[in-house]
Amino acid sequence: MDTKTARLLRKTDLSEDTRDFAFEILDGRFSGLEPGAHVDIHLGADLVRQYSIWSWSQDGRQINVAVKREDAGRGGSRAMHELETGATVEIGGPRNHFKLQPGECYVTLIAGGIGATPLVGMARELVNSRREFQIYYLARSRHLAAMDKAFRALGLGDRYHLHCDDTDGQLDLASVLQSMPIGSDVYACGPEPMLNAVLDAGSAMRGRTIHFERFAAAADADLGAKDSFEIEIQSTGQILPVQSDESILDVLKANGIPVDFGCSEGLCGSCIVDVIDGEVDHRDGILTPDEQATNSYMCTCVSRAKSARLVLNL
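Since the model is a prediction, treat every value here as computed from it, not as a measurement.

**Describing the layout of surface pockets**
Vacant regions in the atomic arrangement are exposed by a probe of water-molecule size rolled over the atoms. Reported here for the second largest pocket is a volume of approximately 580 Å³. When residues of the lining of the second largest pocket are traced back to their parent elements, those giving at least two are β8 (133–139) and α6 (192–202). Ranked by the residues each element gives to the lining of the second largest pocket, the list is headed by α6, at five residues. Class assignment of the residues belonging to the lining of the second largest pocket gives a composition of 17 nonpolar, seven polar and seven charged.

**Some thoughts on the sheet that holds strand β12 (residues 229–233)**
Backbone hydrogen bonds are what pair the strands of a sheet, in a parallel or an antiparallel way. Pairing within the open sheet is mixed, and its five strands lie in the order β13-β12-β18-β14-β16. Each end of this open sheet is capped by a strand with a single partner; those strands are β13 (239–242) and β16 (297–299). Between one strand axis and the next, the sheet turns through 40° on average, direction left out of account.

**Things to note about the environment of Ala37**
Relative to the assigned elements, Ala37 resides in the loop between β2 (18–25) and β3 (38–44). In this structure, the C-alpha to C-alpha distance between Ala37 and Leu144, residues 107 residues apart in sequence, is 24 Å. Look past the residues within four positions of Ala37 in its chain and what remains in contact with it is Gly32, Ser52, Ile53, Pro94, Arg95 and Asn96.

**Some remarks on the nonpolar core**
Grouped together as the largest cluster of nonpolar side chains are 30 residues, with contacts concentrated most on Leu109, Leu119, Tyr137, Met147, Phe151 and Tyr187. When contributions to this core are tallied by element, the ones reaching two or more residues are β7 (107–112), α2 (117–128), β8, α3 (148–152), β9 (160–164) and β10 (185–190). Among the elements that take part in this core, α2 stands out by supplying five residues, more than any other. Of all hydrophobic cores here, the second largest spans 24 residues; its members include Val251, Val275, Val302 and Leu312.

**Points about α6**
Every buried residue of α6 is listed here: Glu192, Met194, Leu195, Val198, Ala201 and Gly202. Buried positions along α6 lie against β7, β8, α5 (173–178), β10 and β11 (209–214).

**Some details on the pattern of salt bridges**
One pass over the full model with this rule turns up eleven salt bridges. We note a salt bridge from Lys68 to Glu70, for which the minimum N-O separation is 3.8 Å. Residue Lys68 is classed as partly exposed on the basis of its relative accessible area, which comes to 26%. We classify Glu70 as partly exposed; its relative accessible area is 38%. Between Arg152 and Asp148 there is a salt bridge; the shortest N-O distance is 3.0 Å. Of this pair, Arg152 and Asp148 both sit in helix α3, four residues apart, which is roughly one turn of that helix.

Quick notes on the rules
- Residues numbered from 1 in each chain as written.
- Predicted model: local features only at pLDDT ≥ 70, side-chain atom pairs only at ≥ 80, totals over all residues.
- Heavy atoms only, no water.
- 1 Å grid on protein atoms, 1.4 Å probe; cavity = no way out; pocket = protein on both sides within 12 Å on 5 of 7 lines; lining within 4 Å.
- Points joined across faces, edges and corners; volume = space filled by probe spheres on them.
- Helix = DSSP H or I, 4+ residues; strand = E, 2+ residues; numbered from the N terminus.
- Nonpolar A, V, L, I, M, F, W, Y, C, P; charged D, E, K, R; others polar.
- Pairing = 2+ DSSP bridges.
- Axes fitted to C-alpha atoms, helices over the stretch in contact; angles between N-to-C directions.
- Contact = heavy atoms within 4.5 Å.
- Core = buried A, V, L, I, M, F, W, Y, C linked by side-chain atoms within 4.5 Å.
- Buried < 20%, exposed > 50% of the residue type's maximum accessible area, 1.4 Å probe, protein only.
- Salt bridge = Lys/Arg side-chain N within 4 Å of Asp/Glu carboxyl O.

Here it is, written out as structure tokens:
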């Protein structure tokens, strides 16, 4: 994927563990900046991380991402927090697998922790388009609610609900969803327990669509059998074995077959390829159940095969 060089204009503390990073694009501008979109930030050799944009300039020259520092993580957030003002990085994208759908239906946004970042842009768009909506921002405590100020700056009034675990207890998500008009849409982003609670609470609701985005790999992404299988490259007929300790992405890279990749956790969608034949064992956290059921594309970084061979459109 093409990247653009960007300079870090400023970084601002939003809470004790989260900072905002404002980047200026030095060589052109981005198109496709919209609510729900994310970019790939290259922080070193084989260190690429995806972050949702929560604010951007109309000319496509500046973007803002908010990053929570995870000291026990894989190093991406630490590298981001250690960037000095004026530093340059390569930024790819944007891509959007979490689009705010057009229409007039009522919308509920449910944000958990740093998962609030894509929902700030959605709330701004809903305000500008004068649609009816409400937003629930779930945080462990008020001082950790990094995006609270950004939400309040939109003038949301009683449409905005900050819910803090330490003072408010657990939010009754079933009651929230039951109070919505039939035919409403839900957009949720946050940690897996919150997303599972939203999906469970909404499973019995008629006429409602739940859109969600994970920012960490699903807990069961690495579970299940890891049998060996084969992949066939449609364009060349080349057949390559994938061993139990390898991913399809590993094999493609080792054999010089070009394919985009980013998070390597089944979250960003960079490595999705079309599947011509075979049955996929989906283990990603980005494709919806309906998309997975089509068996027509897959994330090569984490998903595997249920059949003996997969034919890939490469």
